[in-house]
Amino acid sequence: MAWPSLRTKIVAYLVLIHLVLAGLSWFVVKERPILLLAVEALFVVSILLGIFLVRSFFVPLELIRTGAELISERDFTSQFRPVGQPEMDALLEIYNGMIGRLREERLTVQEQHYFLDRVLTASPAGIVTLDFDGCIDRLNPSAGRLLGLGQEALGRRLGELALPLGAELAAVPVGESRVLAQGPQRLKVARAELFDRGFPRSFLLIEELTEELRASEKAAYGKLIRLMSHEVNNSVGPVRSLLDSFRDYSAQLAPEDREDFTHSVGVAIARLERLGAFVNGFAEVVRLPPPERRPCDAGQLLDEILLLLRPELERRHITCAWLVREEIPPIDLDRNQIEQVLVNVLKNAMEAIGDDGRIELRLARETGRPVLRLADTGPGLPEEVRPLLFTPFFTTKRDGRGLGLTLTREILAQHGFGFGLENRAEGGAELWIGF
């Protein structure tokens, strides 16, 4: 049951009090009917005047109620006209001024929000904002591209993402930055805080440093290799010449010493040749020429390389087979350089497998571009090794130089091809090249 409003109560009170007074007046002035009529007329005028005053009193209240409803509905465009009452007009002036300021502030916030949204969308740096529970609230296009994430990542924690970097991203402390490795990529990740409704939230700022670090590394190891090659070649050449001259003296030695002398000089010359070849192998990375691109069938190129490596594959009892091979138009590339990359990758896969294993090949379109995948059934990449892949001079091989993957990175980077090397969920490692 609804209770009567305040207006109804006041009107009912006025009517009731006037009826009571009218009844009393009738008993008092019943002997003078004309006076009774005058009193009754006065009561009617009083009632009408009371109703008018009540209406005048409740009009401001109605305006206040309407204003409150407009504010609750966030309608900041409506304003009130003066009603002719000084007190109420002063209140309406304050209300209209407040609504005007709210409208201007709301418009300013909307413009700033639109500007910020455009900046985040166009920013080359990746930005990931987290909610109060540490789940992803928003990520801009650059963050999705750098991390390989889509809108399906919204609402999930960083550590729950199917990313090699998921746990490392979650472990970055607030106010600090770290350089993280994701295959050949190098990402600088910084975490900071913002306040939302009085409570702190964090966000990640992600910058790609791959090209900057690659150029810096190349300049550093290039200078080292050139210096090393210069010093070694300056020594190897004269020493080799002297050793060749020493061979002419073998005829002057006693027969019992001649064989040992010749053998020793031969060993020294062979060692010098290996040293020169070793140093020249390093110099290949520095002297890598720009690619000479020509249309090439990537599948056919890989078939020819497999034919070359077949004896070694058979000796190790390793099966190499195509799982997927789509018809891909010829790709513009430097055949010799890409052949060097594929040979290096396949040899690494064979060494990782050892004996009795499998290499799986896939060539297909992914997100509109051709992608070649080479996967092995070896033990995979140890976690402590993953961040160091593609680092110059780093190797896990006993006699390795640590430049195989570096040369691979340089060749693919000069071609502008995307690439990566990661562990597979089913075991083994997989290298992919996006042409």
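Keep in mind that what you see is a predicted model, and the values were worked out from it rather than measured.

Visitor: Lay out the pairing of strand 4 (residues 185-196) with the relevant residues and their values.
Guide: Pairing of strand 3 (residues 177-182) with strand 4 involves six bridges; the strand directions are antiparallel. The residue of strand 4 that forms the bridge with Ala-181 is Arg-186. Here strand 4 pairs with strand 5 (residues 199-208) via ten bridges, running antiparallel. Of the residues in strand 5, the one forming a bridge with Leu-187 is Glu-208. Linking two consecutive strands that pair antiparallel, namely strand 4 and strand 5, is a turn of two residues; a positive phi of about 55° is found at Arg-197 within it.

Visitor: Describe helix 10 (residues 404-415), with residues and values.
Guide: Here helix 10 spans 17 Å end to end across twelve residues, near enough to the 16 Å set by a 1.5 Å rise per residue. Across the twelve residues of helix 10, nine count as buried, placing the element largely inside the fold. Gly-416 sits one or two positions beyond helix 10 and adopts a positive phi of about 80°.

Visitor: Let's hear about the packing of helix 8 (residues 298-316) against helix 9 (residues 335-353): which residues, and what values?
Guide: Their axes nearest at 10 Å, the elements helix 8 and helix 9 cross at an angle of 25°. The angle between helix 8 and helix 9 falls in the class roughly parallel. When the axes of helix 8 and helix 9 are compared, the crossing they make is right-handed. Across from Leu-301, Leu-302, Glu-304, Ile-305, Leu-306, Leu-309, Glu-312, Leu-313 and Arg-316 in helix 8, the residues of helix 9 making contact are Arg-335, Ile-338, Glu-339, Leu-342, Val-343, Leu-346, Lys-347, Met-350 and Glu-351. A per-class count over the contact of helix 8 with helix 9 returns eleven nonpolar, no polar and seven charged.

Thresholds applied
The numbering scheme is per chain: residues are counted from 1 as the chain's sequence reads. Local features are withheld for residues below a pLDDT of 70 in this predicted model, meaning they are given only at 70 or higher, and side-chain atom pairs are given and counted only at 80 or more; totals for whole chains, interfaces and linings count all residues. The side-chain quantities take in all heavy atoms of the structure and omit both hydrogens and water. Strand pairing is assigned whenever DSSP detects at least two bridges linking the two strands. For the purposes of this entry, the term helix denotes a DSSP run of H or I that reaches at least four residues, the term strand denotes a run of E that reaches at least two, and both are numbered from the N terminus. By this rule, a helix spans an expected 1.5 Å times one less than how many residues it contains. The classification of residues rests on relative accessible area computed with a 1.4 Å probe and restricted to protein chains. Under 20% of the type maximum is buried, over 50% is exposed, and intermediate values are partly exposed. The angle between two axes is taken between their N-to-C directions and runs from 0 to 180 degrees, where each axis is a line fitted to C-alpha atoms and a helix contributes only its stretch in contact. Roughly parallel covers angles under 35 degrees, roughly antiparallel covers those over 145, roughly perpendicular covers 65 to 115, and oblique covers all other angles. Two helices crossing with the near one rotated counterclockwise from the far one by less than a right angle form a left-handed crossing, whereas a clockwise rotation gives a right-handed crossing. Contacts: residue pairs with any heavy atoms within 4.5 Å of one another. Polar here means any residue other than Ala, Val, Leu, Ile, Met, Phe, Trp, Tyr, Cys and Pro, which are nonpolar, and Asp, Glu, Lys and Arg, which are charged; Gly is therefore polar.

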